[in-house]
Amino acid sequence: MRLFLIVVIAVFISITLTAQATLDPAYHTYEEILTELDSLQALYPDYIMVEQIGTTLGAVPYQDPIPIYAAKLSDNVTVTEDEPKVMFAGQCHAEEVLGIEISMYMINDLLEHRFMSPWSVWLNNLEIWFVPTYNPEGLSVVMSGEDTTYRKNKRDNNLNGIFDFWEGPGGDFDGVDPNRNYGFNWIHGDTLGCTSGDEDYDYYRGPGPFSEGGTQAIRDLAAEYNFIYSINWHSSRTGNFSEKVYYSYEWVPGKRNPDFSMCQQAGVNVAALIPKEPPQPGNYEPYPSQSRRGCAHDWFYKAHGTIQLMIECGTMNLQPPEPLIIDTAERNSQGAYWLLGRTLGYQTDDKSMLTGHITDSSTGEPLIAEIRVEQKHASYFEPRLSEGLYGRFWRVLPQGTYDLTFRKKGYETLQLESVVVNNSGWMNLDNPPYNGVQMVPLETADFNGTIYRDGTPVAGEIILYDETGNDTIFTSDGSYEISRYAGEYRALVTGDDCVPKFFELELTAGDQQLDFNLLPAVEVFSEDWNSGLQNWTINGDWAISTESAVGDFVEDSPGIFYENGWDVHITSPSINLNGVSNDVMLVVDHRYYIEHEYDNIFIEIKVGNSDWQEIAGWSGKNYIWHKDYIELEEFVNNRIYLRFRLLTDATITDPGWRINTIKLVAAVGSDSDDETTPVLTTQLKNNYPNPFNPQTRINYSLSNSSPVRLQIFNLKGQLIRTLVNEFQTTDNYTLTWYGNNDKEEPVASGIYFYRLTTGDYNKTRKMILMK
Ligand SMILES: [Zn+2]
């Protein structure tokens, strides 16, 4: 009812109200921004280049798409030079027009002083991008006087062909909040129609991450230029957040991003350089960002490592008249300029920076490759990449000693250990002793063959895992051809009505034939939830939901996010593995979205009356339906239970775990001859799961009492962790490696070896940690 009323009233307003308050004419309209940028480009063609970077959506029936423009400032401005890049975004929210004025002021200031230091130093050594507005739709609403309090863009949310807005803050049913539309934690933003008192509908996140033309333009610009620093200006309408500088992020006390100290350094220094509006004393105040709702600054950090500040400029008087406009711009520019100096290590106390070029060792060609600083890595990062034109990368780091991993498909992974970054200037890996980052290309390995079920070709798939991820090859008639790179892979091969099976592949250069023989499968256990949860023991709020694409699935907290402090699980009925062959595989089709590292999901198994043992575990986000495979060979000839468990810590929640189908398949017939009499042999078994992140379980058995060592080594053969070093008696043993070294520090993604050494046995197996 409320909605209907608003729509009616909004239409009424838009038709009948003609004269509205308008802003001081000193504020730029969209057209005035373009005119001014064009004339500056005509005056200073060597220093400013105006470029269209996208358009508004164009899905708005009452308005054509509006081009979104950026201005690049640098010497040799038409050339992309091998220089660090910084980006300033003026306007995101429509009514927050001061950011446009700060952008236009800085553009003019830089151009006027282009021959004077420090402006000349910045222009000659940096590429400085400005996007005065990426919400020109909203800007037009504000500048036309239709509604000077308007916040969002103009998306026609109810598809009625009419721009439904309410004069005054909030109540605008149409429009998307661009600063809730970015692709990180978007799920936590407001849904359509979400009400919040005075600001109803004002924070709508949009129909999907990056659904809007404005955020798409910023996303694409960021992908092209890997900005080191950035600012996005806002203004706080209530004044509660005014004159503050927000940096990424401390969502709750203690949960900070790995580069928090550098984000804080930028926030603190920039804030200290911006005086508050006279006559207030003091300067802007720095704060860590606590909002996890699809905001630009968190996305910039997650996607590219860009340190972006959100500055709430001005006071609660969002649109002050002259002379406060120019005054606010001048004061804010002082803070913004600090970032330019910091990028170059010029006229600032803080200079520490890692840089270098990545090239192909045989051709010298620049490479787009991932640079991972192991001490400053998080599992949710998108790969931080070098750029393609020069192979150049930059990374702001506090002074310290770092282990670096450089990774690119088709190249040998390169690791540099103990690289020292200090605060006297850039640490450039082009210099000795490193002399650049040269990556060695791998040779091509072509292989082909057939997947057989008991000798008959069968449709199936081959999933190849390596340390950069996995990919799947499908075959409809059993035969396949694959071209990859030489190296070691773990492969999971499936075939229709077959037991899926893991293989360790060593692919060498050239052509080779590789057939996979699978065994016909019988289903030992299967759950598709069509008859609900009646066979399961439930602890928590687990319930059945349905999606058209996959049918029924079970989830821990239907329709909402899971809660803090949960330890909830569902337990299967008893499953009989007596007489089942050793080739037995658990296949779970699921997706999850769990607070990375702090909350976890596990699959556990219980044999008879023994304790629950963990057989697989995950954390973080893998929110598309996918299958995981877990070998259960060691549990045959028992009755077992399976338990699916969600364990959450005290803060921060996410959507949770959804499990579609659970299947346990085994090879037809019993070949469990040696298993019926439980004679133990000394044996190191495969770890579960593998690949894994971050923990995996290692099992072994001892046929006689002996001194035992179980140790983890990296690819170079260096000892990473000693898990066992003691005298042990005849038994089965299980332990979990949590991906830490002996100093309890998490180790890098990659291939590791675990070795069991006893008095008369020595066996090494391989595993892949994939973060
Ligand atoms: Zn804002």
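So, how was this worked out
Residues numbered from 1 in each chain as written. Predicted model: local features only at pLDDT ≥ 70, side-chain atom pairs only at ≥ 80, totals over all residues. Heavy atoms only, no water. Pairing = 2+ DSSP bridges. Helix = DSSP H or I, 4+ residues; strand = E, 2+ residues; numbered from the N terminus. Axes fitted to C-alpha atoms, helices over the stretch in contact; angles between N-to-C directions. Buried < 20%, exposed > 50% of the residue type's maximum accessible area, 1.4 Å probe, protein only. Domains from an automatic or database assignment. Donors = N, O, S within 2.8 Å, 3.2 Å for Na, K, Ca; no water. Tetrahedral: all angles 85-135°; square planar, octahedral: opposite > 155°, others 65-115°. Salt bridge = Lys/Arg side-chain N within 4 Å of Asp/Glu carboxyl O.

Draft legend 1. Structural detail: the sheet that holds strand 42 (residues 719-728). Sheet architecture is open: four strands sit in the order 42-41-44-45, paired in antiparallel fashion. On the outer flanks of this sheet lie strand 42 and strand 45 (762-769), each paired with one strand and no other. Strand after strand, the sheet turns through a mean of 15 degrees between neighbouring axes, direction not considered. Alignment of strand 41 (residues 706-713) against strand 44 (residues 750-757), held across five bridges, turns out to be antiparallel. Each residue of the ladder has a partner; that of L710, found in strand 44, is L756.

Draft legend 2. Local environment of the pairing of strand 30 (residues 551-555). For strand 30, the buried fraction is high: four of the five residues fall into the buried class. Adjacent in sequence and paired antiparallel, strand 29 (residues 543-547) and strand 30 are bridged by three residues. Strand direction decides the pairing type here: strand 30 and strand 38 (residues 656-667), joined by two bridges, are antiparallel. Counted as the bridge partner of V554 is I659 from strand 38.

Draft legend 3. Structural detail: the domain arrangement of the protein chain. By the assigned domains, the protein chain splits into domain 1 (2-344), domain 2 (353-429), domain 3 (444-516), domain 4 (519-678) and domain 5 (679-771). Spacing between the C-alpha centres of domain 2 and domain 4 amounts to 39 Å.

Draft legend 4. Region of the structure containing the coordination of the zinc ion. Taken together, H93 (ND1), E96 (OE), E96 (OE) and H234 (ND1) make up the protein donors of the zinc ion, found 2.0 to 2.6 Å from the metal. With four donor atoms in place around the zinc ion and angles of 54 to 153 degrees between them, the coordination shape is irregular. For the zinc ion, the single-chain donor residues occur in sequence as H-x2-E-x137-H. Of the two residues, H93 sits in the loop between strand 3 (85-91) and helix 3 (98-112) while H234 sits in strand 5 (residues 229-234), which places them 141 residues apart along the sequence. For the pair H93 and H234, one class covers both residues: buried.

Draft legend 5. Expanded view of the pattern of salt bridges. Summed over all chains, the structure comprises 37 salt bridges. Measuring nitrogen to oxygen at the nearest pair gives 3.3 Å for the salt bridge that ties E488 to K766. Of the two residues, E488 sits in strand 23 (residues 487-495) while K766 sits in strand 45, which places them 278 residues apart along the sequence. The exposure class assigned to E488 is partly exposed, which follows from its relative accessible area of 30%. With a shortest N-O distance of 2.5 Å, R490 and E504 are connected by a salt bridge. In this pair, R490 is assigned in strand 23 and E504 in strand 24 (residues 501-507), connecting sequence segments 14 residues apart. Owing to a relative accessible area of 4%, R490 belongs among the buried residues under this scheme. Sharing partners across several salt bridges, the network here consists of E95, E199, D202 and R237.

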